[in-house]
Each structure stands twice: as structure tokens, then as C-alpha cells.
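Structural features, examined
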Amino acid sequence: MWDKKWVIGNWKMNGQLQNNNALVHKLRSLPKMDNVCIGISPPTVYLSQVHNAVKIVLENKIHTCAQDVSRFNGSGAYTGEVSAEMMKDVGVDIVLIGHSERSLYFNEKNDVQRHKIENVLNVGLTPLLCVGESIKEREDGREKEAVAYQLSVFKGLKTKHFAVAYEPVWAIGTGKVATKEQIADMHDFIYNEILSLCGEDANIRILYGGSVNDKNAAEIFTVPHVDGALVGGASLKYESFTAIIQAAQDA
């Protein structure tokens, strides 16, 4: 998976059993996509449903991805929390960490994200760290400073595999997409920042997120160091999500 384009659909707080089943059933019939690591990230209550539906897929391995995980490990008196061990138990492969909506609505910062990343790594799962600047940080010319601070949670981790989704906050769900030049500049910065933090032998996947759809995906995938996409609303529709997967396959 570390030499492929990644296309991960983040359903956010969307889904119902019947609709999920219909969408995943269609995805199971996709022709073989040798060059793409495909993932679906449903709400926690539907993780088992999705995993059970995709684990029998023959043509493509479809990874089950969690949208979040507890900062606490093991088990204990943490009402409402779901640990990394539990995620692994129900078939999760990849866990999103630090999505801007978690920071915005739940005030999660670097210290919390570091705990989550360590917990995920400790049980053998793959963390996907989300980073990105606000519109004010971009307008003030501090976008790289903001992203460097977010990436600093990687320093000292006992792993050589690093997955990041760059999602400028001002482009998430707004219909706005960063220009190719902005994406190229930031992805190059992220790539080199991880090398400087974690060593020249790091394996790195950097996804772009922020209003990715079937109309712009192919162009985005031509940008250097764009190793895939974290897809929001477009992942809820079979036609648009599969078009993005096909664009990754062809890139």
C-alpha cells in the first residue's frame, strides 16, 4: 500500500444501514485496481457492517478506516470512548487522526493527537494524520508554520511509515479547491518536513483533501507528491467515488 495511490472515503456523520449496504455492495463489484489503496471510513457504529461487507471482496482489498480513536489505550472507565484495540478487533486497518473538525469542534490539539497515533501504532494499525491551515493562517502567510506544528507530532515515533492528508481547512466542504500550485508547494513542504523529522528512509504517503470530486481528481493526481485523496461528500455517491478511484488508477 505504500507504493500506491490512496483513495479513502470519509463518510463523516452520514450513513444508514440500508444505504451503506447498497453503496458497499456496488463497490465490491469494482474491476481490479492494482495501483490504488481503497478505503472507506464510516461512522464508528457502522465499522463492523462495512468490514464484514468488504472482507470477502476478491478483486480489490477495501480497507476499513475509522474516523477517530480514543486517546486512552486498553480498556477502562471512559464512557463513550473506543480504543485502538477495539478498532483492531472489529477489522479496522487505518485510523484518521486530527481531522480539522475534531480540532474545531472538540478542541483536540497535538498532545491528544500524539496519544492517539501512539495507540494506533501500538496495536499494528496505520494512523492517517490530517493537517491543514485556516483561511486566516493562509492569508497571513503562516500556512507552513501551522502545518509544521501539526506534523511535529511525528517526531520520535517508532515507525518508518507516515501517512498524511493535507486538507486546507478553508477547502473542506466549501467547494473551494486549492490551486495546483498551492497543493504542489504544500505537499513538497510536507514531504521534506517529514524527512527532516523522521529520517531520510521514511515511507511517506501524502493525500490531498478538500472538496475533491470526480471532476477535479485527475488533475490533482498529476501534482508531485500527491499520493491520493481523502474524499468527503463525493465518497457517498458510487459514481463519483469510483470515478476518483479510476482517476487514481490511471494517474
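Residues numbered from 1 in each chain as written. Predicted model: local features only at pLDDT ≥ 70, side-chain atom pairs only at ≥ 80, totals over all residues. Heavy atoms only, no water.

Things to note about a nonpolar patch on the surface
On the surface, a cluster of nonpolar side chains totalling about 400 Å² of accessible area is made up of L104, Y105 and F106. A relative accessible area of 60% means that Y105 is categorised as exposed. (Patch = residues over 30% accessible without salt bridge, like charges linked within 9 Å, V, L, I, M, F, W, Y side chains within 5 Å. Areas by Shrake-Rupley, 256 points an atom, 1.4 Å probe, with all protein chains shown as cover. Salt bridge = Lys/Arg side-chain N within 4 Å of Asp/Glu carboxyl O. Buried < 20%, exposed > 50% of the residue type's maximum accessible area, 1.4 Å probe, protein only.)

A closer look at helix α1 (residues 17–27)
For α1, the set of buried residues is N20, L23, V24 and L27. End-on, the buried residues of α1 take up no more than an arc of 95°, which puts them together on one face. Away from its buried face, by an angle of more than 90 degrees, α1 presents the exposed residues Q18 and H25. The secondary structure elements touched by the buried residues of α1 are β2 (36–41), α2 (47–54), β3 (62–66) and α10 (238–250). (Helix = DSSP H or I, 4+ residues; strand = E, 2+ residues; numbered from the N terminus. Arc of directions from axis to C-beta. Contact = heavy atoms within 4.5 Å.)

Brief notes about the UniProt feature "binding site: substrate" (unreviewed entry) in the protein chain
With numbering matched to this structure, UniProt assigns "binding site: substrate" (unreviewed entry) to N10, W11, K12, G173, S211, G232 and G233. Spanning 224 residues, the annotated positions come together in the fold, the maximum distance between their C-alpha atoms being 13.5 Å. Along the polypeptide, K12 turns up in the loop between β1 (5–10) and α1. Among all residues touching K12, those that are not within four sequence positions of it are S41, P43, Q67, H99, E101 and I172. (UniProt positions renumbered as here; feature names shortened; annotations may be inferred.)

Focus on the pattern of salt bridges
Overall, the coordinates contain 16 salt bridges when judged by the stated rule. Between D68 and K116 there is a salt bridge whose closest N-O contact spans 2.8 Å. With a gap of 48 residues between them, D68 in the loop between β3 and α3 (84–89) and K116 in helix α5 (residues 110–122) connect regions that are remote in the sequence. Exposure remark for K116: the relative accessible area of 2% places this residue in the buried category. Ionic pairing is found between R138 and E133, a salt bridge with its closest N-O pair at 3.0 Å. Just as R138 is buried, E133 falls in that class too.

Points about the UniProt feature "active site" (unreviewed entry) in the protein chain
Sites flagged by UniProt as "active site" (unreviewed entry) map to H99 and E167. For the annotated residues, spread through 69 residues, the largest C-alpha to C-alpha distance comes to 8.5 Å, consistent with a single compact locus. Along the chain, the position of H99 falls in the loop between β4 (94–97) and α4 (100–106). The exposure class assigned to H99 is buried, which follows from its relative accessible area of 4%. Excluding residues within four positions of it along the chain, H99 makes contact with N10, K12, C130, E167 and I172. Within the secondary structure, E167 sits in the loop between β6 (161–166) and α8 (180–198). Not counting residues up to four positions away in its chain, the partners in contact with E167 are H99, C130, V131, G132, I172, G209, G210 and L230.

Considering the packing of aromatic side chains
Pairs of aromatic rings are described using the distance from one ring centre to the other and the angle between the two planes. Taken as a whole and judged by the stated rule, the model has four aromatic pairs. Ring geometry for Y166 against Y208: centres 6.1 Å apart, planes inclined by 55°, an arrangement best described as tilted. With a gap of 42 residues between them, Y166 in strand β6 and Y208 in strand β7 (residues 203–209) connect regions that are remote in the sequence. Y208 carries the same exposure label as Y166, and that label is buried. Here the basic side chain of R102 rests over the ring of F106, its NZ or CZ set 3.9 Å away from the ring centre. (Phe/Tyr/Trp six-rings, centres within 6.5 Å; stacked < 30°, edge-to-face > 60°. Lys NZ or Arg CZ within 6 Å of the ring centre and 35° of its normal.)

Points about the sheet that holds β1
Ordered in space as β1-β2-β3-β4-β5-β6-β7-β8, the eight strands form a closed barrel in which the pairing is parallel. Sheet twist, expressed as the average angle between the axes of neighbouring strands with direction ignored, equals 25°. In this structure, β3 lies alongside β4, joined through two bridges in parallel fashion. Looking at the pairing, C65 lines up with I94 of β4. Where α5 meets the sheet, it contacts β4 and β5 (126–131), and its direction lies at approximately 155° from that of β5. (Pairing = 2+ DSSP bridges. Axes fitted to C-alpha atoms, helices over the stretch in contact; angles between N-to-C directions.)

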